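This is what each chain is made of:
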Amino acid sequence: MKQLLRTTNMADMAFAQALLRGEGIDCFEMDVNMSVLEGSIGIFPRRLMVRSDDFDRAARCLTDNGIEVSE
């Protein structure tokens, strides 16, 4: 798996997941449970992961829609 996106902005995370699912690209959000440790104040970024084979297509999907991809 490769990291596609790293953000503390939950709106961007939800939008990215919706875009990828709409294209049929499986994705997995990591670090979701860190909010328990941080007290839900949003200081720890969450990561959006995709399969290595899907990375290029997923990155193009996000950048075409104005979301900056983590490299």
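Refer to the structure printed above.
Predicted model only: the values in this text are computed from it and were never measured.

**Observations concerning the packing of helix α1 (residues 10-22) against helix α3 (residues 55-64)**
Part 1 of the argument: Packing of α1 against α3 leaves a shortest axis separation of 10 Å and a crossing angle of 125°. On the basis of their axis angle, the class for α1 and α3 is oblique. For α1 against α3, the interelement crossing comes out right-handed. Across the interface between the two elements, Ala-16, Leu-19 and Leu-20 of α1 pack against Ala-58, Cys-61 and Leu-62 of α3.
Part 2 of the argument: Of the residues contributing to the contact of α1 with α3, the split by class is 6 nonpolar, no polar and no charged.

**Remarks on the sheet that holds strand β3 (residues 46-50)**
Part 1 of the argument: The strand order β1-β3-β2 describes an open sheet built from 3 strands, whose pairing is antiparallel. The sheet terminates laterally at β1 (2-7) and β2 (27-30), the two strands that pair on one side only. Averaged over neighbouring strand pairs, the angle between their axes works out to 25° when direction is ignored.
Part 2 of the argument: Pairing between β2 and β3: 4 bridges, direction antiparallel. In the strand pairing of β3, Met-30 is matched with Arg-47.
Part 3 of the argument: In the packing of α1 onto the sheet, the strands contacted are β1, β2 and β3, and the crossing angle to β3 comes to about 10°.

Here is what the cut-offs are and how they apply
Residues numbered from 1 in each chain as written. Predicted model: local features only at pLDDT ≥ 70, side-chain atom pairs only at ≥ 80, totals over all residues. Heavy atoms only, no water. Axes fitted to C-alpha atoms, helices over the stretch in contact; angles between N-to-C directions. Helix = DSSP H or I, 4+ residues; strand = E, 2+ residues; numbered from the N terminus. Parallel < 35°, antiparallel > 145°, perpendicular 65-115°, else oblique. Left-handed = near helix turned anticlockwise from the far one by under 90°. Contact = heavy atoms within 4.5 Å. Nonpolar A, V, L, I, M, F, W, Y, C, P; charged D, E, K, R; others polar. Pairing = 2+ DSSP bridges.

No statement about biological role is implied by the geometric values presented.
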